[in-house]
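Structural features, examined
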Amino acid sequence: MHVPDGFINAPVSVGAGVVAAAGVALALRGARRELDDRTAPLAGLTAAFIFAAQMLNFPVAGGTSGHLLGGTLAAILVGPYTGVLCVSVVLLVQGLVFADGGITALGVNIVNMALVTVVVGYGLFRLLIRVLPRSRASAAAASFVGAVVSVPAAAVVFTLIYALGGTTDVSIGKVATAMIGVHVLIGIGEALITAVTVSSVLAIRPDLVYGARGLAAPLELRTEPAPAAR
């Protein structure tokens, strides 16, 4: 999914960069409402986890491999605005330090892997949370669905971008078949990682999962009456 330099022409890359910059600017404003002294460390841990997970590839089919995109996971854990920032920072570091994705294609990569995955994945998650029973299992199931759909959705958007500004001789039909077909399978792996992670955090600290706030009953302090004096 990481687009290299030169794969998309300059006009479309610039246009994607403008969209990405606008999305990041909006996320910076929205993240102020999502982060506080308690949740800010979790945002850092989430970004570090996504960075590490994206460095690990798992085999898919036909000699191809995939890795976690992380947009849905980040949005559920720390909020959609902060989730966009987490994934965008990961993509920036990967492009600058590891040459994983082109610098001129950074806008395309942020649109695909940060904006689309968060909007689609978190949107589906919140929709399902409203109709499913209020439980940890429902939150895990909703996170699975959001994640499994967000990955091929990102592949569809990439295919549209390629149709507008692709610089190779590969036909749009072949690109669509390869990208969407493979990323459906990658989405299953993404969904499993997302559901397990969300369920694990909910089991330990449900109050820290932004997308599932209100699902767990608040903790109550129970005090025993003092024994009567003799």
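Residues numbered from 1 in each chain as written. Predicted model: local features only at pLDDT ≥ 70, side-chain atom pairs only at ≥ 80, totals over all residues. Heavy atoms only, no water.

**Observations regarding the nonpolar core**
Of all hydrophobic cores here, the largest spans 57 residues; its most connected members are Met1 and Ile110. Of all the secondary structure elements, the ones that give two or more residues to this core are helix 1 (10-34), helix 2 (40-54), helix 3 (71-78), helix 4 (80-97), helix 5 (106-131), helix 6 (136-165) and helix 7 (172-204). Residue contacts for Ile110: discarding those within four places in its chain leaves Ala20, Val24, Ser88, Leu91 and Leu115. (Core = buried A, V, L, I, M, F, W, Y, C linked by side-chain atoms within 4.5 Å. Buried < 20%, exposed > 50% of the residue type's maximum accessible area, 1.4 Å probe, protein only. Helix = DSSP H or I, 4+ residues; strand = E, 2+ residues; numbered from the N terminus. Contact = heavy atoms within 4.5 Å.)

**Comments concerning the packing of helix 5 against helix 6**
Packed helix pairs are specified by the crossing angle of their axes together with the interaxial distance, meaning the distance between the axes. Here helix 5 crosses helix 6 at 145°, and the two axes come no closer than 7 Å. At the point where helix 5 passes helix 6, the crossing takes the right-handed sense. In this structure, helix 5 contributes Val108, Val111, Asn112, Val116, Thr117, Val120, Gly121, Leu124, Phe125, Leu128 and Ile129 to the contact, and helix 6 contributes Ala139, Ala142, Ser143, Val145, Gly146, Val149, Ser150, Ala153, Ala154, Val157, Phe158 and Ile161. When the residues that make up the contact of helix 5 with helix 6 are grouped by side-chain class, the tally is 17 nonpolar, six polar and no charged. (Axes fitted to C-alpha atoms, helices over the stretch in contact; angles between N-to-C directions. Left-handed = near helix turned anticlockwise from the far one by under 90°. Nonpolar A, V, L, I, M, F, W, Y, C, P; charged D, E, K, R; others polar.)

**Concerning the confidence of the model for the protein**
Chain-level statistics for the protein give a pLDDT mean of 87 and a share of 89% at 70 or above. A low-confidence stretch, residues 217-221 (pLDDT under 50), is modelled with zero contacts involving residues beyond four sequence positions or located in other chains. (pLDDT = per-residue confidence, 0-100.)

**Some details on the pattern of salt bridges**
Counted by the stated rule, this structure contains two salt bridges. As a salt-bridge pair, Asp207 and Arg38 come within 3.5 Å of each other at their nearest N and O atoms. Taken together, the positions of Asp207 in the segment after helix 7 and Arg38 in the loop between helix 1 and helix 2 put the pair 169 residues apart, joining distant regions of the chain. For Arg38, a relative accessible area of 43% corresponds to the partly exposed category. The partner of Asp207 in a salt bridge is Arg205, with the nearest N and O atoms 2.8 Å apart. Three or more residues are tied together by salt bridges with common partners; here these are Arg38, Arg205 and Asp207. (Salt bridge = Lys/Arg side-chain N within 4 Å of Asp/Glu carboxyl O.)

**Observations regarding the side chain of Thr82**
Turning to its location among the elements, Thr82 is positioned in helix 4. A polar side-chain atom of Thr82 sits 2.7 Å from a polar atom in the side chain of Glu34. The contacts of Thr82, once residues within four sequence positions are left out, are Ala31, Glu34, Leu35 and Ala43. (Polar contact = N/O pair within 3.5 Å; in protein donor to acceptor, adjacent residues only side chain to side chain.)

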